[in-house]
Amino acid sequence: MALPKISLVGAGQIGGTMALLASLSKLGQVQVIDIAGDMAKGKALDLDQAGAVLGFEGNLRGGESYADLKGSDVVIVTAGIPRKPGMSRDDLLEINAKVIAGVGREIKAHAPDAFVIVVTNPLDAMVWVMQQASGLPAQKVVGMAGILDSSRFRFFLSEALGVSMKDIHTMVLGGHGDAMVPLLKFTTVNGIPLQHFIDQGHLSSADLDAMVERTRKGGGEIVSLLKNGSAFYAPAASALEMAQAYLYDEKRLLPCAALCQGEYGVKDIYVGVPVVLGKTGVEKIVELPLDKAEKEAFATSVAGVEGLVQSVSQYL
Ligand code: APR
């Protein structure tokens, strides 16, 4: 049976990691595209040869031409630049908006039926640019951030509680920036609310606050450790989880950047919300009741995204 075609635009740290993970899990036939000369070709060839040892039949393709997007079921976009220590995601706005607008036009020309996942930062504004430039239906254009942010929070909680990450479920809403909103009341350990662990003395409120703050700044923590580039393993795994949900019609309920059209009081911008992902893309946006503090935090986060979106429209 022919595997679905997954095209990765950007063959850098995240793109290369996704190519490996998608090949290992046999999620699809991988096409890598990058403007950096023969780099994508080189990575595809290296991975093909890794298949001999790791047990997958390579068949990866790599190159510079966007015409190779043709026939893609999923396109995952990491093209652009990552931040350096001291930079915020928003500092990447101008350079990456131009890149994403260009890639969006190429997707429109060569893969208008694909499901498109954007990973490039600043995420929420970049997905908006992608949807505008590609003209694809909003339900087929999403951004990856919430799964990554949630995975960070799950890891910190798992360490603090001494419980497997598998059993920790959480939801992080809002823009993919330091103002994101981890939702504590929807965070459970296999259905048991976090408050129970605080009441039982397994976790202090101060420790929890510190973990929320560390989650918000989780990307920056990795940037300052790596010194040259940003996180790539967890972003790669998170984007592929979304691709899989679409390709296999899994109806996963996941936090993703989706175009809100009135949901959560947000109009016409992309922001992180819980969505159901299935074979038509974003099948539903799930609205959760937020308390006063969460609403305020969400509004602050959304206002930040709105400001960025206003300034990127000039690059379309
Ligand atoms: N078309 C295709 N590829 C491009 C283009 C373009 N127009 N512009 C840049 N690229 C490629 C670069 O050549 C580079 O190989 O995008 C790749 C980006 O890879 P890295 O620099 O390694 O960045 P990475 O860590 O993968 O992050 C990519 O995702 O999480 C975000 O903030 C991160 O914006 C960054 C993006």
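Quick note: structure is the one above.
First things first, this report covers the structure right here in the doc. Please read these numbers as outputs of a predicted model, since none were measured by experiment.

Let's shift gears to the site of the ligand. Near the ligand you find 21 residues, and of these Gln13, Ile14, Asp34, Tyr66 and Ile81 are the closest. Within the backbone of Gln13, a nitrogen or oxygen atom sits 2.8 Å from an oxygen atom of the ligand. Taking Ile81, its main chain carries an N or O atom lying 2.9 Å from an oxygen atom of the ligand. Contact with the protein chains hides 86% of the accessible area of the ligand, taken as 730 Å² for the molecule alone. Listed by contribution, the elements that provide at least two residues to the shell around the ligand are helix H1 (13-24) and helix H3 (93-110). Partitioned by chemical class, the residues of the shell around the ligand number eleven nonpolar, nine polar and one charged.

For helix H9 (residues 233-247), built from 15 residues, the straight-helix expectation of 21 Å at 1.5 Å per residue is met to within 8% by its first-to-last C-alpha distance of 21 Å. For H9, the set of buried residues is Pro235, Ala236, Ser238, Ala239, Leu240, Met242, Ala243, Ala245, Tyr246 and Leu247. In the segment just after H9, Asp249 is the residue with positive phi, at about 45 degrees.

Tallied over the entire structure, the rule returns four aromatic pairs. Aromatic pair Phe115 and Tyr246: ring centres 4.3 Å apart, planes at 15 degrees, arrangement stacked. Here Phe115, found in strand S5 (residues 115-118), pairs with Tyr246, found in helix H9; they are 131 residues apart in sequence, far enough to count as distant. Across this residue pair, the class does not change: Phe115 and Tyr246 are buried. Between the aromatic rings of Phe232 and Tyr233, the centroid separation amounts to 4.4 Å while the plane-to-plane angle is 40 degrees, which identifies the pairing as tilted.

So, how was this worked out
- Residues numbered from 1 in each chain as written.
- Predicted model: local features only at pLDDT ≥ 70, side-chain atom pairs only at ≥ 80, totals over all residues.
- Heavy atoms only, no water.
- Near = heavy atom within 4 Å.
- Polar contact = N/O pair within 3.5 Å; in protein donor to acceptor, adjacent residues only side chain to side chain.
- Areas by Shrake-Rupley, 256 points an atom, 1.4 Å probe, with all protein chains shown as cover.
- Helix = DSSP H or I, 4+ residues; strand = E, 2+ residues; numbered from the N terminus.
- Nonpolar A, V, L, I, M, F, W, Y, C, P; charged D, E, K, R; others polar.
- Expected span 1.5 Å × (residues − 1).
- Buried < 20%, exposed > 50% of the residue type's maximum accessible area, 1.4 Å probe, protein only.
- Phe/Tyr/Trp six-rings, centres within 6.5 Å; stacked < 30°, edge-to-face > 60°.

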